[in-house]
Structures are given as structure tokens and as C-alpha cells.
There are 2 protein chains.
Amino acid sequence: MYDMTIRLQADSEKCLYEQIYEHIRHEIREGKLLAGERLPSTRSLAEYLQVARSTVDYAYDQLQSEGYIEARACRGYFVCPIEGLLRLGERQQPRESVPEKESRAERGAEIPTQEAPFYDFAPHGIDMSGFPFSVWKRINRNILNDGNSELFARGEPQGDYDLRLTVSRYLHSSRGVNCTPEQIIVGAGNDYLLMLLEKILGRHVEIAMENPTYKRTWRIFQSFAYRVVTVPMDENGMVVDELEKTDARVAYVMPSHQFPTGTVMPIGRRTELLKWADGAEERYLIEDDYDSEFRYRGKPIPSLQSSDEHGKVIYIGTFSKAIAPAIRVSYMVLPRKLLEIYRRDCYFYSCTVSRIDQGVLNEFIRDGYFERHLNKMRKIYRAKHDLLLRSLEPFAGRFSFSGEHGGLHLVLTAKGNETEEELIARARKKGVKVYGISDSCVEAVEGNATVLLGFGSLSEQGITEGVRKLEEAWL
Amino acid sequence: MYDMTIRLQADSEKCLYEQIYEHIRHEIREGKLLAGERLPSTRSLAEYLQVARSTVDYAYDQLQSEGYIEARACRGYFVCPIEGLLRLGERQQPRESVPEKESRAERGAEIPTQEAPFYDFAPHGIDMSGFPFSVWKRINRNILNDGNSELFARGEPQGDYDLRLTVSRYLHSSRGVNCTPEQIIVGAGNDYLLMLLEKILGRHVEIAMENPTYKRTWRIFQSFAYRVVTVPMDENGMVVDELEKTDARVAYVMPSHQFPTGTVMPIGRRTELLKWADGAEERYLIEDDYDSEFRYRGKPIPSLQSSDEHGKVIYIGTFSKAIAPAIRVSYMVLPRKLLEIYRRDCYFYSCTVSRIDQGVLNEFIRDGYFERHLNKMRKIYRAKHDLLLRSLEPFAGRFSFSGEHGGLHLVLTAKGNETEEELIARARKKGVKVYGISDSCVEAVEGNATVLLGFGSLSEQGITEGVRKLEEAWL
């Protein structure tokens with residue numbers, strides 16, 4: 001067992017449990033405590049360090065809730081695999097691969113408002129039980145207490161520089177995004193940022209989207225003076241040969257985890273897309289990296305933006321989903337050329353996020369709480385994801401599964417001739433709500449009936465029981 | 001002297017000073033204590049009520065800071081004129097005149113970011129020293145403490161119903177606006193609401209603005225797929241005969257206090273405008289009621305929307321200015337017909353204001369703090385306004401003044417042949433920054449040199465000293 005000699009300082013500003021927690025966390029992150037290694041029991045460590053057992057308990061709880069260690073029944077605490085941990089803070093060189101930092105979040109996060117059926121496999125549901133309300137409140141309180149009247153003054157149109165700096169660091173270390181704070185625009189949600197992008201890209205843009213796609217974004221583009229064309233997908237994402245046949249000068253893609261199919265775009269297709277964009281000066285790619293924080297299988301894949309060498313990718317992401325929908329903070333990274341247009345034509349649009357919220361978010365990320373929250377949530381979602389996959393084993397004869405590498409939903413495609421409507425109706429009769437892929441289709445797509453099963457907002461018990469009901473309905 | 005028998009209740013949840021404060025406030029609002037009436041001295045009231053003198057001091061301070069009473073040196077405390085007080089809470093019948101509720105706020109509130117000259121008469125400056133930070137913090141803390149995870153979920157696209165209800169009541173009682181909460185859309189700033197309005201009104205709209213006008217809004221319309229035409233103004237505002245000559249189907253006006261001229265549109269011109277709008281089904285008026293909260297002279301004038309009988313007025317207002325720029329909350333009241341279009345075409349745009357901010361604002365208004373804040377600020381601004389007008393008396397031979405009925409700036413027009421540039425340059429040499437009206441002109445306007453003097457952000461001392469410097473520069 002690893003030497004757990006921790007030099008505790010009684011006169012430190014940090015309390016004892018924090019010192020223990022930080023020591024172990026540091027050892028794990030530095031690779032000195034390895035995955036699978038067993039930690040001393042709380043009782044023996046407490047004796048060894050001459051502290052109360054509850055102090056060690058508390059430190060272990062914190063480490064466990066953040067995904068650094070796990071408890072195995074009757075066996076003790078073990079270090080979790082470190083490649084699963086998202087690291088912030090240590091800024092890496094541009095273009096270096098970021099193998100330990102890839103993960104995925106969820107899409108949409110609409111909380112169903114109408115009377116929900118008993119088991120709702122909403123693909124946009126998220127688990128808010130893990131949100132660190134107390135930390136958020138404390139930062140909020142501190143900011144308001146420290147805050148002078150400056151906080152209540154109008155801020156910079158692109159968002160406060162401190163927040164943009166923090167976001168640029170986060171995006172670089174976690175997603176390989178190459179950008180300076182100057183290229184970032186902070187706004188109240190993706191919808192708003194797309195409205196702003198409309199002003200930057202200009203009117204009468206022809207824009208290409210995959211089919212099926214994220215319908216909310218499609219509706220937004222429809223409401224613009226844009227012509228939206230759909231391009232077919234194959235198993236690697238948007239078919240670039242088909243894209244070439246259109247007059248589109250902008251293509252909207254979700255390379256990390258396409259919604260709704262869950263497709264992860266491989267490097268070859270990404271290169272093709274970037275080559276298409278390089279083909280004409282006015283061409284751009286919009287990369288919506290909506291749920292890049294949660295990923296469970298395979299190697300992490302940096303953002304498309306990280307492979308962009310000619311300023312062709314407009315990168316959009318959101319904290320509304322990785323933290324909480326009510327936070328209403330998204331960000332857009334503009335290529336230099338579009339940044340110039342923004343500064344010329346749109347500089348007078350005030351920032352839509354209050355400076356207090358910007359300040360809270362900045363500290364939440366900068367001081368490591370966001371990283372901890374993500375690690376914790378990933379652990380929770382991975383457990384739900386694995387449970388759902390396991391529970392669905394009896395379905396393997398009659399359904400195929402896809403989109404299982406990340407995100408917060410799985411895609412089930414019937415092997416038989418059932419229609420989507422039949423599957424949904426039979427599930428509903430048993431008190432289970434599932435979602436047809438046709439909700440996300442701009443044009444009808446041929447193929448077998450396909451439904452989405454979201455697992456974000458259901459408890460583990462809910463998943464188990466819901467799947468049992470689905471067995472009754474479908475098998 | 002009025003009988004000050006206050007039945008203090010020792011067992012009340014309210015502390016003694018609050019009971020005294022509320023009693024006197026109630027008597028003033030009910031007209032039982034009349035303007036100019038002298039209050040008992042704090043010493044004699046404390047003796048009479050058998051409470052500590054500091055208790056009465058505290059109650060008087062609060063009443064004073066909210067504009068209910070004023071201290072006159074060596075003479076004691078006197079009741080302020082009640083018509084100056086904005087009342088909320090008592091909902092009135094529609095279309096009833098609202099004589100005691102009219103007031104005015106300020107425009108823009110851009111805080112100068114570059115190194116400012118010594119005396120900056122910024123027309124958009126506001127006085128943040130009066131902001132009740134402690135109340136705002138307390139409400140914020142309470143909301144986060146009481147708040148469950150629901151607060152962090154996505155809310156209604158138009159904004160939370162509770163806030164819309166509170167805003168509709170406030171708008172009705174203070175501005176005579178006739179609307180239901182269903183007609184209100186809450187958004188993160190006027191800029192955003194105008195972007196949303198673009199989607200509702202449709203593309204290729206011809207829109208009429210006064211010249212000079214609020215240049216920020218002009219820039220925003222320019223960035224839309226709109227054609228902006230300017231219409232000349234006379235001393236009553238937009239000239240409707242000239243408006244008739246255009247193809248405009250929408251006219252943007254600021255009837256309560258036009259920026260930058262300070263013109264208050266009289267009822268006759270308002271009727272003409274409404275008649276113009278009634279002339280075709282597709283015609284609408286946008287009423288930007290940006291600084292309706294602060295008004296110092298003449299009878300209060302309800303909003304244009306309150307005279308609208310055929311659903312022709314789109315009413316826009318903001319809390320970003322009456323409370324603080326960082327709050328980033330504006331509201332738009334849609335006529336029924338446009339509301340239908342919004343619900344059909346724009347329902348998918350998420351609300352841009354966080355639910356926490358919506359909750360804080362709702363309580364701030366609902367529980368009377370906003371009313372107190374406005375009363376207090378009006379007292380502060382009225383004092384500055386009167387001081388500036390008095391200080392400018394020596395200028396009367398060479399300048400005429402206008403826009404003196406409300407708002408946070410005065411308009412000075414030279415009687416001689418100086419140019420605007422000369423006036424600005426000569427002031428700047430003395431360390432004073434004044435603002436030329438041509439900054440607000442879309443097209444050049446003929447006439448004598450005109451400058452704006454904002455008094456919101458300067459202290460009383462700053463106003464006095466700044467004007468003295470202007471005397472040296474201009475007289």
C-alpha cells in the first residue's frame with residue numbers, strides 16, 4: 001500500500017479533511033496512486049494520522065463523489081482509472097493530444113413540463129441531484145459581498161475578460177480548442193448566440209444540416225433569413241460528397257456526438273469536412289460541441305476546431321447543460337475573420353449575461369469546482385449508461401443499439417417490422433415514455449423503427465424498472 | 001401637528017423602528033400627513049413613544065432615504081409632496097389616469113470605460129450609490145437558500161409567470177399599461193428583445209425613426225433585414241404628416257422622453273400616431289419607455305400603450321437602467337396579434353434571463369423595494385437636476401435649455417454661431433466632457449450647436465464645479 005504519510009498542518013487555513021482530500025487527489029492526479037490501488041481503511045488512516053475517523057470519512061466521501069476513488073462492498077476504497085478524469089488547470093501546448101480530458105455532456109436538458117408518465121426516458125433529461133448547490137451559493141454570496149458597484153455596471157459586449165480567459169483555458173485543456181479570450185463571445189444560451197451569428201454571417205446564407213438533426217437548431221435557422229438544406233448521413237456523419245452537391249456555404253455539425261444518432265465523426269470525415277470548407281473563402285463549419293463532457297467508450301476525440309488550420313470552424317458550446325439549464329451561459333469561438341466582422345457590425349449588442357452570473361461561473365470553473373462536478377457527473381452517468389446497456393441485453397435479439405459511446409441517451413433500432421408509432425404506443429401503455437427519432441427528422445428517413453432512450457434524469461431504480469416495463473411492451 | 005400616536009407592539013415580528021417607519025409611510029401615502037407638514041422631532045417622538053431616540057432616528061432615516069420626508073437644516077423633518085411618490089401595489093382600473101405614479105429613469109447607463117475627463121456630463125450615466133445592495137444580496141441569498149433544483153431547470157420561454165405577473169402589475173400601476181402576464185416577454189436586455197421582435201415582425205420591414213434618435217437602436221435596426229427611414233421631429237415629436245409620406249409600416253418612438261431631445265409627446269401627437277397605425281392592418285408603433293421613471297415637472301403622462309385601443313403598440317422597457325445595467329432584464333408587451341405570431345414562430349427560443357435573476361427581481365419589485373428605490377433615486381436625481389438648472393442660470397443669455405421635464409440630462413442649444421465641435425473642444429480644454437447632439441443624428445440636422453449635459457453619475461459637487469469650468473470655457 002502506498003505510503004499515506006500526509007503532513008497535516010494544524011495551523012493551516014485549510015481544515016484537516018481538506019488537507020487529506022487534497023493530498024490524495026494530488027497523488028492520484030500525479031499518477032503516484034494508480035488505478036485499482038487500494039486505499040487504507042478510514043479507521044486505519046485516522047489512527048495513523050491521529051485524526052478523528054469522521055475527518056477521513058469526509059475526505060473519502062468527497063474523493064468518491066468526484067470520481068477519484070470508489071468504494072467496493074466489503075473490500076474498501078480503490079483508486080479509479082485516471083484516464084477517466086477531466087483535468088483543468090494545466091494548460092497544454094496547442095495541438096497536443098488531450099487524452100485524459102475528453103468527456104461528454106448531454107443535449108437539451110429540457111425538463112418535461114407536462115404530467116410525465118411513470119418512466120420518462122427523455123433524451124434531454126439531466127440529473128440535477130449532483131449539482132453542488134452549496135458551492136454555487138457560497139460563490140454567489142461571496143461575489144455579492146465582495147462586489148462593489150462595478151459588478152452592477154454594464155460589462156464588455158463579448159463578456160467579461162476574466163470569464164473569457166477561464167473559458168479559453170478550459171476549452172483548450174478539455175477540448176483542444178485553439179483560441180484566445182478575444183475570440184470568445186459569451187451569451188445567454190445557444191439560441192441567442194446563433195441569432196448573433198446570423199448578424200455576423202450575413203443574410204441569405206444557405207446552411208447545411210444533417211438529417212436527422214437537432215430540431216431546435218433547425219427551427220432557429222428556419223426563423224432566420226437562411227435557406228436550410230439537409231444532407232444525408234452515413235455511419236460516419238454528414239456525407240461530404242452530398243454536401244458538395246449543394247450550394248451551402250455553411251455546414252452545421254456535431255462531430256463529437258451527433259444528436260440524435262450518437263454518431264462520433266472519425267478523423268477521416270472531419271478532414272473531408274475541413275477540406276470542403278477550405279474550398280471557398282466564404283465557407284464555414286459550425287461545430288456544436290453540445291455534450292462533449294460525457295464520454296464512456298473509446299479514445300477521447302478533440303474538437304473539430306482543434307484540427308482547423310485555416311479559421312473555418314465556429315465553435316459553440318454551453319454551460320447551460322453541463323452545469324444546469326437555468327445558468328443560461330453559452331460561448332462561441334469565432335475565427336479571426338468573423339471576429340473582425342463581429343467587431344465592425346455587432347459591437348453595439350450588449351452582453352446578455354449578468355456580470356454577477358459571469359463572476360460566479362468564472363470562479364466555479366477557475367477554482368476547480370466545475371472539474372469536480374464533471375468528474376462526479378460522469379461517474380453517475382456512466383453508471384446509469386452501463387446499467388441501461390446491461391438491462392437492455394434481453395432486447396438484443398430484436399433491437400440493435402447505437403450511440404453508446406457517450407452522451408445521455410442510447411439509440412434502439414428495431415430489427416423487425418414494427419413502426420416507431422407502435423413502439424411508442426406500446427411503451428406508453430405500460431407507463432413508459434420513449435422518443436421516436438422522427439421527432440428529429442427534417443425529412444423522413446427510410447429505415448427500421450428507431451427510438452431514443454435517455455437515461456440522464458431517471459434514477460438507477462427507474463432505469464431498471466422502466467426497462468422491465470419495456471420488456472413487457474416490446475418483447 | 002398630526003397626532004403621532006403609534007400603537008407599537010412589542011410582541012410583533014416587526015421591530016420598533018419598522019413599525020414607526022411603516023406607520024408614518026402609511027399616513028403619508030393615505031394623505032393623512034400632508035406635504036410640507038412638519039414631523040415631531042426625533043427626541044420628542046422618542047419620549048412620547050417611550051422608545052430609544054436611535055429607534056426614531058432610524059425610522060426617519062429610512063423615510064428620508066426613500067423620499068417620503070426631508071430634513072431642513074435647523075428646522076426639522078417635513079413631509080415631501082406626495083405627487084412625487086411612485087405607488088405600487090394598489091392596482092387601478094384600466095384607463096384611469098395615474099396621476100401619482102409617473103416618473104422617469106435614465107437612458108443607456110453606459111459607464112465610460114476609458115480614462116474619463118475630470119467632469120464627465122455623460123448623458124447615459126447613472127448614480128449607483130443609491131442602489132440597495134444589501135437588500136439585493138439578501139433576496140439573492142434567500143432565493144438560493146430556499147431554492148430547490150427547480151430554480152436550476154429551464155424555465156418558460158417568455159419568462160417565469162410570477163415575474164411577468166409582477167411586471168404587468170407594476171406597468172399598470174406606474175405607466176397605465178394595459179396587459180396580461182401572457183403578453184409579456186422577459187429578455188436579457190432591449191437589444192435581445194429587438195432581435196426577437198425582428199423574428200415576429202418578419203423580414204424586410206420598413207421602420208421609421210425620429211432624427212435625432214437613440215443611435216444604439218438605430219444601429220440594431222440597421223443590422224436587421226430592415227430598411228430604416230428617418231422622419232423629422234418638431235417640438236412635439238415625430239411629424240406624422242412626414243411619416244405618412246414614407247412606406248414605413250412600423251414607427252419607433254419614445255413618447256415619454258425622447259432621446260436625445262427630451263421632448264415629451266403631447267396627447268394630440270400621440271392620437272395622430274395611433275391614428276396612423278390604425279390606418280393599415282400591418283402597421284405598428286414601438287414605444288420605448290426607457291426612462292419613464294424619472295420626471296420632475298408637469299403632470300405625469302401615461303404610456304402611449306395606455307391609449308392604444310386596437311393593439312397597435314409594442315411596449316418595451318427595461319430594469320437594466322432603473323435598477324442597474326448589470327441586471328440585464330428588459331420586457332416587451334406584445335399586442336395580441338403579434339403574440340400569436342410569437343407563439344407560432346418563436347416559441348422555441350429559450351428565455352435569456354436566468355431563473356435565479358428572475359426570482360430576485362420578482363421579489364425586489366413585489367415586496368416594495370423597487371418602489372422605494374425609485375422614490376429614493378428620484379429624490380437624488382431631482383436634486384441634481386435642479387442644481388444643474390440653477391447652476392446654468394448664468395448661461396441663459398447665450399444658451400437656451402430644453403428637455404428639463406425629466407430624465408437624466410439637459411439639452412443646451414447655443415444662441416450664437418459657435419459650432420458643436422468648438423463647444424466640446426473648449427469644454428474639454430477645461431477638463432469637462434460634454435456630448436454633441438450630432439452623435440445621435442442619423443442624418444445631419446440643421447440648427448444651432450447643441451450639446452447634452454447628463455447629471456446622473458456626477459456628484460452635486462461635481463455638477464457645481466463642472467458648470468463653473470464650463471462658464472470659463474463658454475461664457
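Within each chain, residue numbers correspond to sequence positions counted from 1 in written order. Labels follow written order: the first chain is A, the first ligand is 1, and so on. Per-residue local features are limited, in this predicted model, to residues with pLDDT of at least 70; the limit for side-chain atom pairs, both in listing and counting, is 80 or more; totals at the level of whole chains, interfaces and linings are taken over all residues. Only hydrogens and water are set aside when side-chain values are computed; all heavy atoms of the structure are taken into account.

(A) Up close: the pattern of salt bridges. Think of a salt bridge as a Lys or Arg side-chain nitrogen and an Asp or Glu carboxyl oxygen that are within 4 Å of each other. Applying the stated criterion across every chain yields a total of 38 salt bridges over all chains. We note a salt bridge from Glu206 of chain B to Arg227 of chain B, for which the minimum N-O separation is 2.8 Å. Remark: Arg227 of chain B occurs in strand 6 (residues 226–234) and Glu206 of chain B occurs in strand 5 (residues 205–211); sequence separation between them is 21 residues. Throughout, exposure labels follow a simple rule: accessible area from a 1.4 Å probe, protein chains only, divided by the maximum for the residue type, with under 20% read as buried, over 50% as exposed, and the rest as partly exposed. Its relative accessible area of 48% is what places Arg227 of chain B among the partly exposed residues. The partner of Lys245 of chain B in a salt bridge is Glu242 of chain B, with the nearest N and O atoms 3.2 Å apart. On the basis of relative accessible area, Glu242 of chain B is assigned to the partly exposed category, the value being 29%. The structure contains a network of salt bridges with shared partners spanning Glu198 and Lys199 of chain A together with Glu198 and Lys199 of chain B. In this text, helices come from DSSP runs of H or I with a minimum length of four residues, and strands from runs of E with a minimum of two, each type numbered from the N-terminal end.

(B) Inspection of the interface of chain B and chain A at higher detail. Should any heavy atoms of two residues lie within 4.5 Å, those residues are counted as being in contact. The interface is formed by 52 residues belonging to chain B together with 52 residues belonging to chain A. Simply put, the buried area is the total loss of 1.4 Å probe accessible area from both parts when two parts are fitted together. Approximately 4400 Å² of surface area, both sides summed, lies buried where chain B meets chain A, with 61% of it carried by carbon and sulfur atoms. Linking chain B with chain A are two salt bridges. Here Glu198 of chain A ties to Lys199 of chain B by a salt bridge, and the two come within 2.6 Å at their closest N and O atoms. Within the residue set of the side of chain B that touches chain A, elements represented by two or more residues are helix 4 (133–146), helix 6 (190–201), helix 7 (215–223) and helix 12 (355–366) of chain B. For the side of chain B that touches chain A, the leading source of residues is helix 4 of chain B, giving seven residues. Note that Gly is not counted as nonpolar here; it falls among the polar residues with everything else outside the nonpolar set of Ala, Val, Leu, Ile, Met, Phe, Trp, Tyr, Cys and Pro and the charged set of Asp, Glu, Lys and Arg. Residues that form the side of chain B that touches chain A fall into these classes: 27 nonpolar, 11 polar and 14 charged.

(C) Main features of the sheet that holds strand 11 (residues 330–333) of chain A. Residue and element names in this part refer to chain A. Note on pairing: DSSP must find at least two bridges between two strands before they are called paired. Strand order in this open sheet of eight strands is 4-11-10-9-8-5-6-7, and the pairing throughout is mixed. Strands at the two margins of the open sheet, each flanked by one partner only, are strand 4 (184–187) and strand 7 (237–238). The sheet contact formed by strand 8 (residues 250–253) and strand 9 (residues 284–288) spans four bridges and is parallel. Looking across to strand 9, one finds that Val250 is bridged to Tyr284. What counts as an axis is a line fitted to C-alpha atoms, over the stretch in contact for a helix, and the angles between N-to-C directions run from 0 to 180 degrees. Helix 9 (residues 267–278) contacts strand 6 (227–234), strand 7, strand 8, strand 9 and strand 10 (313–318) of the sheet and is inclined by roughly 140 degrees relative to strand 9.

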